[in-house]
Amino acid sequence: MLGDREEDVFAKKTVEKRRLGEPTGAFKGASWGALLIGVSTYLIGLYNAGMELNEKGYYITVMILGLYSAVSLQKAVRDRDEGIRVTNLYYGISWFALISAIALMAIGLFNAGSITLSEKGFYGISFVLSLFAVVTVQKNVRDTEEANNMDES
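Residues numbered from 1 in each chain as written. Predicted model: local features only at pLDDT ≥ 70, side-chain atom pairs only at ≥ 80, totals over all residues. Heavy atoms only, no water.

- Identification of the chain as YiaAB two helix domain-containing protein from Planococcus halocryophilus is taken from an unreviewed UniProt entry.

The structure is reproduced here in C-alpha cells:
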C-alpha cells in the first residue's frame with residue numbers, strides 16, 4: 001500500500017557549499033541567461049530586420065559600445081567603493097560612454113522611420129536587458145574571483 005515503504009520521500013538535498021561573498025549558482029545562471037537572451041534576441045531581430053546594412057551596423061555598434069561601457073563603469077564604481085584608485089578621467093569617460101550609448105540608441109530608434117513602433121520597443125528592451133545583465137555577470141565574476149582569492153589566503 002501507499003506509505004508502507006521505509007524510504008524517505010523527503011530526503012534532504014545536498015547543500016551547495018559556497019565561499020563567503022560568492023553568488024549562488026542559480027544567480028550566476030540567471031545572469032548569464034539574461035545576457036544570452038538579451039543579446040541573442042537583439043541580434044536575431046537585427047538579422048531578420050528589413051533595414052539596410054549600414055543601419056544594422058549602427059545598432060550592432062551601439063550595442064557593443066553599451067555592453068563595454070556598462071562593464072567598464074561597473075568596474076570603476078566598484079573599484080572606487082573598495083578603495084582601489086580610479087582616475088577621474090577614466091571614471092568620467094566610463095559614464096560618458098554609457099550615457100552616449102543609451103542616447104545613441106534612443107535617438108536612433110526615435111528617428112528610425114523604417115521600423116515599426118513594436119520593433120523599436122523590442123530593440124529598446126533587448127538593449128536595456130543586455131546592459132543590466134552584463135553588469136550583473138561582471139559583478140558575479142568579480143565576486144567569485146574575490147571569494148576564490150580569500151579561500152586561497
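### Considering the overall build of the chain
Stage number 1. Counting its secondary structure elements, the chain contains 4 helices and 0 strands.
Stage number 2. Within the chain, the fraction of its 153 residues that count as buried is 34%.
Stage number 3. By sequence separation, contacts in the chain at least 24 residues apart represent 74% of the contacts at least 6 residues apart.
Stage number 4. Accessible surface computed for the chain: about 10,600 Å², of which carbon and sulfur atoms make up 67%. (Helix = DSSP H or I, 4+ residues; strand = E, 2+ residues; numbered from the N terminus. Buried < 20%, exposed > 50% of the residue type's maximum accessible area, 1.4 Å probe, protein only. Contact = heavy atoms within 4.5 Å. Areas by Shrake-Rupley, 256 points an atom, 1.4 Å probe, with all protein chains shown as cover.)

### Comments concerning the pattern of salt bridges
Stage number 1. For the coordinates displayed, the defined rule picks out 9 salt bridges.
Stage number 2. Across the salt bridge formed by Glu22 and Lys28, the nearest N and O atoms sit 3.0 Å from each other.
Stage number 3. Of the charged contacts, one joins Glu146 and Arg78 as a salt bridge, the two residues approaching to 3.7 Å between their closest N and O atoms. Taken together, the residues Glu146 in helix 4 (residues 117–152) and Arg78 in helix 2 (residues 53–81) connect sequence positions 68 residues apart.
Stage number 4. Judged by relative accessible area, Glu146 falls into the partly exposed class, the value being 31%. (Salt bridge = Lys/Arg side-chain N within 4 Å of Asp/Glu carboxyl O.)

### Concerning the packing of aromatic side chains
Stage number 1. Scanning all chains against the criterion turns up 4 aromatic pairs.
Stage number 2. Where Tyr58 meets Tyr59, the ring centres are 5.2 Å apart and the plane angle is 80°; that geometry is what we call edge-to-face.
Stage number 3. Given a relative accessible area of 2%, Tyr59 falls into the buried group.
Stage number 4. Between Tyr59 and Tyr123, the ring centres sit 6.1 Å apart and the planes meet at 10°, which makes this aromatic pair stacked. Separated by 64 residues along the polypeptide, Tyr59 in helix 2 and Tyr123 in helix 4 bring together distant segments of the chain. Each member of the pair, Tyr59 as well as Tyr123, carries the same accessibility label: buried. (Phe/Tyr/Trp six-rings, centres within 6.5 Å; stacked < 30°, edge-to-face > 60°.)

### With respect to helix 3 (residues 88–111)
Stage number 1. The terminal C-alpha atoms of helix 3, which comprises 24 residues, lie 34 Å apart, in line with the 34 Å expected from a rise of 1.5 Å per residue.
Stage number 2. Turning to helix 3, its buried residues number three or more, namely Ser94, Ala97, Leu98, Ser100, Ala101, Met105, Gly108 and Leu109. (Expected span 1.5 Å × (residues − 1).)

### Concerning a nonpolar patch on the surface
Stage number 1. A contiguous nonpolar patch, built from Leu43, Ile60 and Ile64 and spanning about 250 Å² of accessible area, is present on the exposed surface.
Stage number 2. Mapped onto the secondary structure, Ile64 falls in helix 2. (Patch = residues over 30% accessible without salt bridge, like charges linked within 9 Å, V, L, I, M, F, W, Y side chains within 5 Å.)

### Some thoughts on the environment of Met63
Stage number 1. Among the structural elements, Met63 can be located in helix 2.
Stage number 2. The exposure class assigned to Met63 is buried, which follows from its relative accessible area of 4%.
Stage number 3. For the pair formed by Met63 and Leu43, sequence separation is 20 residues and the distance between their alpha carbons is 9.5 Å.
Stage number 4. In contact with Met63, not counting residues within four places along its chain, are Val39, Tyr42, Ser126, Phe127 and Ser130.

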